[in-house]
Amino acid sequence: MKPIFVRGISNQFRLTLAVIMSVILLVANDRLEPVRNSLSSLLSPLQYVANIPGVLLDESAESLATRNMLAKQNKELLRQQLLMSERLQRFEHLRQENDRLRGLLGSPVHMDSKKVVAEVMEVASDPFHQYVVLNRGSRSGVFVGQPVVDAQGVVGQVVQVSELTSRVLLLSDTSHGIPVRITRNDVRMMAIGTGSLDELELRHVAKSTDVRAGDLLVSSGLGKRFPEGYPVARVMSVEKEDGKNYATVIAQPLAALDRIRYLLLIWPDIEADEAELITSESVKAALEANKEATP
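What you see is a predicted model; the values in this text were computed from it and never measured.

1. A few points about the overall build of the chain
Here is step 1: Regarding its fold elements, the chain presents three helices and 12 strands.
Here is step 2: Counting over 295 residues, the chain shows a buried share of 26%.
Here is step 3: Sequence separation of at least 24 residues holds for 57% of the intrachain contacts in the chain that already meet a minimum separation of 6.
Here is step 4: Just so you have it, the chain exposes about 20300 Å², and 57% of that area is on carbon and sulfur atoms.

What follows is the structure in structure tokens.
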């Protein structure tokens, strides 16, 4: 048997066949619905499998976008954290400076004396001398021999002055000495630097001298270099060894010599000096008048 379409078929026959097939499909459409659903169910897994590459591509793109977004957000948060950390550090620095300045203003300086706040510009690099350089000089009225204190007590004295800066010799320098007295019993002695920032030595203290560990030492005012009554140091140890004529007395400076930044330059109380001078002259005049009146 030979196939139908081996020979040429007329167009009229083809059209008639197509119309008949279309009518059959239209009539049988409802009956073919179960078959169509069955075929759809059978082909559904294939559709899912065919859709997997697209789903994976979409998820990869979304994951990449999310990761990039998270990376950007993380970078931005890190930048903000660094900015906030820097700001907090600056605020902490300002708070510490504020505390230092408040401490200076509340330092044991006589309220009637002139005082000027100075900042430390440089710390001595000379191993044989201990001094600091301040940002105040002769233009601010600084003079050689001027006493310098911080919030806790005496720091040292000015030994060199230029127009804009001044050099302060610290208490701990081996060439520095300051007359002091014990507040407990008013015993006077001399405190000398040892070269160590946290140690002073009280020289030529007799073994019989009433000095104890914990005694507070203040400036005695002798020599007219340091005003009387400023805290200087606290006695740390007293050793009285046999065979030695003097006791070994070590004191610790009250001023924080190893971390000073702001200092106070103080001027002598001119009015008090004038009053003392007038009193002294009055006493001399009274003594001379008493001598003249004595037969």
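2. Points about the sheet that holds strand E11 (residues 246–253)
Here is step 1: Strand order in the closed barrel formed by six strands is E6-E7-E8-E11-E10-E9, with antiparallel pairing between adjacent strands. Between one strand axis and the next, the sheet turns by 40° as a mean value, whatever way the strands run.

3. Section: the pairing of strand E7 (residues 188–193)
Consecutive side chains of a regular strand alternate in pointing toward one face of the sheet and then the other.
Here is step 1: With five bridges connecting them, strand E6 (residues 177–182) and E7 associate as antiparallel partners. Residue pairing for E7: Val-180 is matched across the bridge by Met-189.
Here is step 2: Here E6 folds back onto E7, and the loop between the two strands holds five residues, one of which, Asp-186, carries a positive phi near 65°.
Here is step 3: Across four bridges, the pairing between E7 and strand E8 (residues 200–206) is antiparallel. Its bridge partner lying in E8, Met-190 is registered against Arg-203.

4. Details of the environment of Gly-141
Here is step 1: With respect to the helices, strands and loops of the structure, Gly-141 is situated in the loop between strand E2 (131–134) and strand E3 (147–149).
Here is step 2: Classification of Gly-141 by relative accessible area gives partly exposed; the value is 34%.
Here is step 3: Between the C-alpha atoms of Gly-141 and Trp-267, which are 126 residues apart in sequence, the distance is 9.3 Å.
Here is step 4: For Gly-141, the contacting residues outside a window of four places in its chain are Gln-146 and Trp-267.

5. Re the nonpolar core
Here is step 1: Residues Val-154, Ile-178, Val-180, Leu-202, Leu-217, Val-232 and Val-249 are the most contacted members of the largest nonpolar core, which totals 23 residues.
Here is step 2: Elements with a minimum of two residues in this core: E6, E7, E8, strand E10 (231–239), E11 and strand E12 (262–266).
Here is step 3: Among residues more than four places away in sequence, those in contact with Val-154 are Val-148, Val-149, Leu-171, Ile-178, Phe-226, Tyr-230, Pro-231, Val-232 and Ala-255.
Here is step 4: By size, the runner-up hydrophobic cluster in this structure holds 17 residues, among which are Val-116, Val-168, Ile-260 and Leu-263.

6. With respect to the side chain of Asp-150
Here is step 1: With respect to the helices, strands and loops of the structure, Asp-150 is situated in the loop between E3 and strand E4 (154–161).
Here is step 2: Buried charge Asp-150 goes without a salt bridge, the closest partner of opposite sign being Arg-259 at 8.2 Å.
Here is step 3: One polar contact links the side chain of Asp-150 to the main-chain amide nitrogen of Ala-256, over a distance of 3.4 Å.

7. Things to note about unusual backbone geometry
Here is step 1: The backbone of Asp-186 shows a phi angle near 65°, a positive value even though the residue is not glycine.
Here is step 2: Within the secondary structure layout, Asp-186 lies in the loop between E6 and E7.
Here is step 3: Exposure remark for Asp-186: the relative accessible area of 42% places this residue in the partly exposed category.
Here is step 4: Not every positive phi belongs to a glycine, and His-204 is a case in point at roughly 55°.
Here is step 5: By the secondary structure assignment, His-204 is in strand E8.
Here is step 6: Note on His-204: relative accessible area 64%, which makes it exposed.

Cut-offs used in this document
- Residues numbered from 1 in each chain as written.
- Predicted model: local features only at pLDDT ≥ 70, side-chain atom pairs only at ≥ 80, totals over all residues.
- Heavy atoms only, no water.
- Helix = DSSP H or I, 4+ residues; strand = E, 2+ residues; numbered from the N terminus.
- Buried < 20%, exposed > 50% of the residue type's maximum accessible area, 1.4 Å probe, protein only.
- Contact = heavy atoms within 4.5 Å.
- Areas by Shrake-Rupley, 256 points an atom, 1.4 Å probe, with all protein chains shown as cover.
- Pairing = 2+ DSSP bridges.
- Axes fitted to C-alpha atoms, helices over the stretch in contact; angles between N-to-C directions.
- Core = buried A, V, L, I, M, F, W, Y, C linked by side-chain atoms within 4.5 Å.
- Lys, Arg positive; Asp, Glu negative; His and termini not counted.
- Salt bridge = Lys/Arg side-chain N within 4 Å of Asp/Glu carboxyl O.
- Polar contact = N/O pair within 3.5 Å; in protein donor to acceptor, adjacent residues only side chain to side chain.

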